[in-house]
Amino acid sequence: MAPAAATVSPAPLQSTGDDYTAFCEALHRLSGIDLSQYKRPQMERRLRAYFARKGIDRLTDSLELLRRDPAELDALLDRMTINVSQLWRHREQWDRLEREVLPELARGGRVRAWSAGCSYGAEAFTLAAVCLKAIPTAGVRILGTDIDRRMIERAREGVFSDQDARGVSPAELERGFERVPEGWRARDVLRRMTTFEHGDLLRMRPAAAAHDLILCRNTVIYFAEPIRDELHARLAHALRPGGYLIVGATERVASPADLHLEMAYPFIYRKA
Ligand SMILES: C[S@@+](CC[C@H](N)C(=O)[O-])C[C@H]1O[C@@H](n2cnc3c(N)ncnc32)[C@H](O)[C@@H]1O
């Protein structure tokens, strides 16, 4: 879904006292999502623009509506957590995984991967399909986690629209997906490789060296920088030596050497 439209008059975008903080606390209690961890200027602007379009100027004035109507809460979360994804998103990274990273990881016989901030599962199922092609005999387990329970439910269905599959050739798709009226459904061979769980990345404490590969792409862009850096440190800790961390194509790890990471390829870090 697109970010909130910017065509709103400036007046409603100004802060009204600190209703922002009060709103974040109430939303946290209501939904479990803690917006105070995100970059305030962007998040506040988007929230105010969203509610201004509904004629609500004080953020806290929206709370009664959100408590009363689950559909309103859903619509807000849809807009704020930005679940945009697609199959084979950032194609160059998948080509790199297929050719270099996965064959190297599969030398150990198994690959334990984590799609951290998996949205509705397109990233996890793309990884499963690429593993099927690149390392068919390895034991692959892919965990997808997201803070948004509705996305986890969708990910478990494993159904993707034609829009999700844009730019992917039918030959590539048909290996792992079958045609259904809604678009493309992941075949059982991919489903057996994937599991999905609800989880807040800011609270999860994954065990040391638990993963060979972690994809955390397009999920930290709205996090305040210290929060993002702490998360990257926890992800690096959760990688085994020789494992890989993949970030989004506009993202970076601030001080990779401090985390024993080196950039092996663009946006792909290898743990020493
Ligand atoms: C833009 S999507 C990225 C999906 C996928 N990684 C990709 O690149 O296509 C960002 C996802 O991060 C999730 N997210 C945001 N904050 C999170 C948090 N604190 N913990 C876990 N997931 C979070 C959102 O719910 C959303 O589904």
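Residues numbered from 1 in each chain as written. Predicted model: local features only at pLDDT ≥ 70, side-chain atom pairs only at ≥ 80, totals over all residues. Heavy atoms only, no water.

Caption draft 1: Examining the sheet that holds strand E5 (residues 183-186) more closely. An order of E3-E5-E4 is seen for the three strands of this open sheet, with the pairing classed as antiparallel. The open sheet has two free edges, formed respectively by strand E3 (159-160) and strand E4 (177-180), since each of these has just one partner strand. (Pairing = 2+ DSSP bridges. Helix = DSSP H or I, 4+ residues; strand = E, 2+ residues; numbered from the N terminus.)

Caption draft 2: Looking closely at helix H2 (residues 40-52). Taking 1.5 Å of rise per residue, the 13 residues of H2 would be expected to cover 18 Å, and the 17 Å separating its terminal C-alpha atoms lies within 8% of that figure. For H2, the complete set of buried residues consists of Met43, Glu44, Arg46, Leu47, Arg48, Ala49, Tyr50, Phe51 and Ala52. (Expected span 1.5 Å × (residues − 1). Buried < 20%, exposed > 50% of the residue type's maximum accessible area, 1.4 Å probe, protein only.)

Caption draft 3: Geometry of the nonpolar core. Counting 43 residues, the largest nonpolar core has Leu87, Trp88, Leu127, Phe177 and Leu213 as the members making the most contacts within it. Looking at this core, the elements that each hand over two or more residues are helix H5 (91-105), strand E1 (110-116), helix H6 (122-134), strand E2 (139-146), helix H7 (149-157), E5, strand E7 (211-216) and strand E8 (239-247). Counting residues per element, this core draws most heavily on H6, which supplies eight residues. Ignoring any residue separated from it by four or fewer positions in sequence, one finds phenylalanine 177 in contact with Leu87, Trp88, Phe125, Ala129, Phe160, Trp184, Arg185, Ala186, Arg187 and Leu190. If you look at the next biggest cluster of nonpolar residues, it comprises 42 residues, including Leu35, Met43, Leu59 and Cys216. (Core = buried A, V, L, I, M, F, W, Y, C linked by side-chain atoms within 4.5 Å. Contact = heavy atoms within 4.5 Å.)

Caption draft 4: Summary view of the pairing of E1. Along E1, six of the seven residues are buried, which leaves the element largely enclosed by surrounding structure. By the bridge criterion, seven bridges tie E1 to E2 in an arrangement that is parallel. Bridged to serine 115 within E2 is glycine 144. Handedness of the β-α-β unit built from E1, H6 and E2 comes out right-handed. When E1 meets E7, the two strands line up parallel, connected through three bridges. Paired with alanine 113 across the strands is leucine 213, a residue of E7. (Right-handed = clockwise from strand over helix to strand, strands pointing away.)

Caption draft 5: Spotlight on unusual backbone geometry. Located in the positive-phi region is serine 119, a residue other than glycine, with phi close to 55°. Along the chain, serine 119 falls in the loop between E1 and H6. Positioned with a positive phi, histidine 260 is a non-glycine residue whose angle comes to about 60°.

Caption draft 6: Examining the site of the ligand more closely. Lining the immediate surroundings of the ligand are 21 residues, of which Tyr38, Ser85, Asp146, Leu201 and Asn218 lie closest. Tyrosine 38 places a side-chain nitrogen or oxygen 2.5 Å from a nitrogen atom of the ligand. The contact in question runs from an oxygen atom of the ligand to an N or O atom on the side chain of serine 85, over 2.5 Å. Contact with the protein chains hides 97% of the accessible area of the ligand, taken as 600 Å² for the molecule alone. Of the residues belonging to the shell around the ligand, the class tally is seven nonpolar, eight polar and six charged. (Near = heavy atom within 4 Å. Polar contact = N/O pair within 3.5 Å; in protein donor to acceptor, adjacent residues only side chain to side chain. Areas by Shrake-Rupley, 256 points an atom, 1.4 Å probe, with all protein chains shown as cover. Nonpolar A, V, L, I, M, F, W, Y, C, P; charged D, E, K, R; others polar.)

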